[in-house]
Amino acid sequence: MQLRNSPSRYGAVSMFLHWGVALVVFGLFALGLWMVGLDYYSEYRKAAPDLHKSIGLTLFAVMVVRLVWRFISPPPPAPSNHGRLTRLGAKFGHAFLYLGLFALMFSGYLISTAEGVGIPVFNLFDVPAWISSIPDQADVAGTVHLYLAWTVVIFAVLHGLAALKHHFIDRDATLTRMLGRKA
């Protein structure tokens, strides 16, 4: 299998980044929902948020790589049966997912650094608290993080449903290209 994207399908790097990010986003969402329900006496009260932050910061690095890769190896053009509105919707949808994920991760960073303390990443190194003086930083960023998490996950589900619609109803190559098969 080719590493780079071709005019007819995505390459191995793009597929790995796409599906890996999807799995991590849904995993972080589930972990986040679970950890906010932990009580004060739970043995995971400290470990779960630390894991969530470490994975989130790793995801940020992967998303930067993914964005750079998108310029190095541009995605294949839309299938010829896609109309102007479908192409525009796809561009908007992808941009929204990228921006939403980066905003979600930034709001998580603001929550974690509100008290001026850096974020340990898997206890290997710390990401410094560069921003910590915004009034009510943790509360505002927490609210934004919650709503953005739901928005991104719902939008990602809609993204998946659109791919299934293209595959089963339109019978075009939208989904198969991201699975590594030719149109």
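Residues numbered from 1 in each chain as written. Predicted model: local features only at pLDDT ≥ 70, side-chain atom pairs only at ≥ 80, totals over all residues. Heavy atoms only, no water.

**Quick look at the side chain of histidine 166**
Tracing the chain through its elements places histidine 166 in helix H4 (residues 137–168). Setting aside anything within four residues of it in sequence, one finds histidine 166 in contact with His82, Thr86, Arg171, Asp172 and Thr174. (Helix = DSSP H or I, 4+ residues; strand = E, 2+ residues; numbered from the N terminus. Contact = heavy atoms within 4.5 Å.)

**Considerations on helix H2 (residues 47–72)**
If you check H2, its first and last C-alpha atoms are 37 Å apart, about what 26 residues at 1.5 Å a residue would give, namely 38 Å. When H2 is considered as a whole, its buried residues turn out to be Ala48, His52, Ser54, Gly56, Leu59, Met63, Arg66 and Trp69. (Expected span 1.5 Å × (residues − 1). Buried < 20%, exposed > 50% of the residue type's maximum accessible area, 1.4 Å probe, protein only.)

**Considerations on the nonpolar core**
Ranked by size, the top nonpolar core spans 15 residues in total, and within it Val21, Val25, Leu59, Met63, Leu101, Phe102 and Met105 carry the most contacts. Looking at this core element by element, the count peaks at five residues for helix H3 (residues 84–112). If we skip the residues at most four places from it in the chain, valine 21 touches Phe16, Leu59, Val62, Met63, Arg66 and Leu101. Core analysis: the second largest hydrophobic core is formed by six residues, Tyr109, Leu110, Ile119 and Val127 among them. (Core = buried A, V, L, I, M, F, W, Y, C linked by side-chain atoms within 4.5 Å.)

**Structural notes on a nonpolar patch on the surface**
A cluster of nonpolar residues, Phe26, Leu33, Leu146, Tyr147, Trp150, Ile154, Val157, Leu158, Leu161, Leu164, Phe168 and Ile169, forms a patch on the protein surface that exposes about 1200 Å² of accessible area. Elements with a contribution of two residues or more to the nonpolar patch: helix H1 (12–35) and H4. Top element by residues in the nonpolar patch is H4. It accounts for nine residues. Residue placement: valine 157 occurs in helix H4. (Patch = residues over 30% accessible without salt bridge, like charges linked within 9 Å, V, L, I, M, F, W, Y side chains within 5 Å. Areas by Shrake-Rupley, 256 points an atom, 1.4 Å probe, with all protein chains shown as cover. Salt bridge = Lys/Arg side-chain N within 4 Å of Asp/Glu carboxyl O.)

**A short note on the UniProt feature "domain: Cytochrome b561 bacterial/Ni-hydrogenase" (unreviewed entry) in the protein chain**
The UniProt record annotates "domain: Cytochrome b561 bacterial/Ni-hydrogenase" (unreviewed entry) at residues 9–180. Segment residues 9–180 splits into 67% helix and 3% strand. End C-alpha atoms: 6 Å apart. (UniProt positions renumbered as here; feature names shortened; annotations may be inferred.)

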